[in-house]
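Each chain is listed here by its residues.
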Amino acid sequence: MDLTCTPEEEGFRDRLRKWLAEVLPQLPDKPSPADWPGRRAYDAGWQRMLHDAGYADVHWDASPTQRLIFLEETERAGAPYVGANFVGLLHAGPTVAAEGTPAQRERWLPPILRGDEIWCQGFSEPGAGSDLAALRTRAVRDGDHYVVSGSKIWTSHAEVADWCELLVRTDPDAPKHRGISWLAMPMDAPGVTVRPLRTLAGSTEFAEVFLDEVRVPVANRVGEENDGWRVTMVTLSFERGTAFVGEVVACRRTLGELAREARRTGRWDDAVLRRRLGRLHAEFGALWRLTQWNVSEAERTGGVPGAGGSVFKLRYSHARQELYDTAAELLGSGSLEADRDWVLDRMSSLSYTIAAGTSQIQHDIVAERILGLPKGR
């Protein structure tokens, strides 16, 4: 893997920097965290601006180096994150691009790239979280439709979504990994009920979704019937392998803020704290290099990240927690008075060892698929 940039790639960086400098001052104020219709409009508006400027498909069609340049520059410039678009742009869209039919790609990919349609993720259930294959939501074939009944939980952005990437059980008699299908479900279909969940931080980006004989066209199935577990692994490989890369850049910037604060307050003389900041600096530097390797490997193998995504997800989750634990130690009560909500960031960091597959699941994947160890019982 060559990590140096070509003149063309440096030209891409320069054009992107110039464009960001021009458009970011023109953005409206961010809506309140509780204003989900406003947040959807804000995030979709930013996605449309990216689309009109030719940057919308950088996550899918650009070279690995261009993709990383885009993430570096937008994060450093303080540009909006994908926000409510993240399931469609980083999970469902890449899955449809990799596994969908030409008609499915034509139907769903352009609206995602324009910011016209928002997706949510309907994977986890009350009894199927880490053991996702234990899901019980049923889909019974009825002519050209599936009739879907069941419930989902921790469904990201369900309250503003147009579509849901939905896992259902289409063969209850098959082994649990072999009777699952991946459907695209319209969220305005009769029988869909959404109930927002309030998190410890007071936000409501997750929801419970109840499905009462919801009719979903068979044409909305991505992949073959009962082959949904394999398709799901494609989705999860994107979620673990590339969806967090922008956050690595953000964490490196946060680390720099903490180092400056330590110098300002005289805490830099604390050898233990200084060593901890130095180790985190090395950790996130290594994670960025691993990100570059994962993205390049995905490009080499057809666009789908491999098991290296689990290595990244596992270490990143814990490094992020260590980062905000260090911030709490350094800032103390000052974290409550700062303009930035450090307390919220720290609470949010606790979820990363659970979201997108628990650390225990990532350990299993690394053991089995990379180290070649036998499967656990």
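See above for the structure.
Residues numbered from 1 in each chain as written. Predicted model: local features only at pLDDT ≥ 70, side-chain atom pairs only at ≥ 80, totals over all residues. Heavy atoms only, no water.

### Looking at the packing of aromatic side chains
Taken as a whole, this structure holds eight aromatic pairs when the rule is applied. For the ring pair W19 and Y55, a centre distance of 5.3 Å and an interplane angle of 50° mean the geometry is tilted. Here the residue W19 occupies a position in helix α1 (residues 7–23), and Y55 occupies one in the loop between α2 (36–53) and α3 (58–61), the gap between them amounting to 36 residues. Accessibility assignment for this pair places W19 and Y55 in one class, buried. On the numbers, 5.8 Å between centres and 90° between planes, the contact of W154 with F206 is edge-to-face. Separated by 52 residues along the polypeptide, W154 in the loop between β3 (145–152) and β4 (163–169) and F206 in strand β7 (residues 206–217) bring together distant segments of the chain. F206 sits in the partly exposed class, given a relative accessible area of 24%. In this structure an aromatic cluster arises from ring pairing among F12, W19, W46, Y55 and F70. The positively charged end of R141 is found above the aromatic ring belonging to Y146, 5.8 Å away from the centroid. For R263, the ring lying beneath its charged end belongs to W268, and the centroid distance is 4.1 Å. (Phe/Tyr/Trp six-rings, centres within 6.5 Å; stacked < 30°, edge-to-face > 60°. Helix = DSSP H or I, 4+ residues; strand = E, 2+ residues; numbered from the N terminus. Buried < 20%, exposed > 50% of the residue type's maximum accessible area, 1.4 Å probe, protein only. Lys NZ or Arg CZ within 6 Å of the ring centre and 35° of its normal.)

### Quick look at unusual backbone geometry
Here the phi dihedral of W154 falls at roughly 60°; this positive angle occurs in a residue that is not glycine. Look at N226: it is not a glycine, yet its phi comes out positive at around 70°. Take N226: it is sitting in the loop between β8 (221–222) and α7 (228–241). We classify N226 as partly exposed; its relative accessible area is 23%.

### With respect to the pattern of salt bridges
Oppositely charged side chains can form a pair if their charged atoms are brought close together. On inspection of all chains with the given rule, the structure shows 22 salt bridges. Here E283 and R315 are joined by a salt bridge, their closest N and O atoms 2.6 Å apart. Here E283, found in helix α9 (residues 271–300), pairs with R315, found in helix α10 (residues 308–331); they are 32 residues apart in sequence, far enough to count as distant. Of the residues examined, R315 reaches a relative accessible area of 29% and is grouped as partly exposed. One network of salt bridges, with partners in common, ties together E10, R13, R17, E72, E73 and R76. (Salt bridge = Lys/Arg side-chain N within 4 Å of Asp/Glu carboxyl O.)

### What about α2?
When the terminal C-alpha atoms of α2 are compared, their 26 Å separation across 18 residues agrees well with the 26 Å that a helix rising 1.5 Å per residue should span. Contact partners of the buried residues in α2: α1, α4 (64–76), α5 (86–99) and α6 (102–114). In this structure D35 caps α2, since a side-chain oxygen of it lies 2.9 Å from the backbone nitrogen of G38. (Expected span 1.5 Å × (residues − 1). Contact = heavy atoms within 4.5 Å. Polar contact = N/O pair within 3.5 Å; in protein donor to acceptor, adjacent residues only side chain to side chain.)

### Brief notes about the state of the cysteines
Between two cysteines, a covalent bond joining their sulfur atoms is known as a disulfide. Under the counting rule described, the total for this entry stands at zero disulfides. Left unpaired, C120 is separated from the closest cysteine sulfur, that of C164, by 3.8 Å. The exposure class of C164 is buried, given its relative accessible area of 2%. (Disulfide = S-S within 2.5 Å.)

### Focus: the nonpolar core
Formed by 28 residues in total, the largest nonpolar core has its most connected members in L89, W108, W119, L167 and W182. Among the elements that make up this core, the one with the highest residue count is α5 (five residues). Sequence-distant contacts of L167, defined by excluding residues within four places in its chain, comprise G122, F123, L132, L135, T137, K152, I180, S181, W182 and T232. (Core = buried A, V, L, I, M, F, W, Y, C linked by side-chain atoms within 4.5 Å.)

### Side note on the pairing of β4
A large share of β4 lies buried, amounting to seven of its seven residues. Of the two faces of β4, the one carrying W163, E165, L167 and R169 and the one carrying C164, L166 and V168 are both buried.

### Considering the packing of α5 against α6
For the pair α5 and α6, interaxial distance at closest approach is 10 Å and the crossing angle is 160°. What the angle tells us is that α5 and α6 run roughly antiparallel. For the element pair α5 and α6, the recorded crossing hand is left-handed. Between α5 and α6, the contacting residues are G88, L89, G93, V96 and A97 on the first element and Q104, R105, W108, L109, I112 and L113 on the second. Here the residues of the contact of α5 with α6 are counted per class, giving seven nonpolar, three polar and one charged. (Axes fitted to C-alpha atoms, helices over the stretch in contact; angles between N-to-C directions. Parallel < 35°, antiparallel > 145°, perpendicular 65-115°, else oblique. Left-handed = near helix turned anticlockwise from the far one by under 90°. Nonpolar A, V, L, I, M, F, W, Y, C, P; charged D, E, K, R; others polar.)

### Points about the side chain of E72
The topology assignment puts E72 in helix α4. On the basis of relative accessibility, which here comes to 12%, the residue E72 falls in the buried class. Residues contacting E72, with those up to four places away along its chain left out, are R13, V249 and W288.

### Observations concerning the packing of α1 against α2
Orientation of α1 relative to α2, taken along the N-to-C sense of each, is 135°, at an axis distance of 13 Å. Considering their axes alone, α1 and α2 lie oblique with respect to each other. By crossing handedness, the relation of α1 to α2 is classed as right-handed. Residues W19, L20 and V23 of α1 form the contact with α2, whose own contacting residues are W46, M49, L50 and A53.

### Brief notes about α6
The first and last C-alpha atoms of α6 sit 18 Å apart over 13 residues, in line with the 18 Å expected at 1.5 Å per residue. Within α6, the axis deviates most sharply at W108, by approximately 25°, and proline P110 lies no more than four positions further along. Of the positions making up α6, those classed as buried are Q104, W108, L109, P111, I112 and L113. Within two residues after α6, G115 carries a phi angle of roughly 80°, on the positive side. (Bend = angle between axes of the 7 residues up to and from the residue.)

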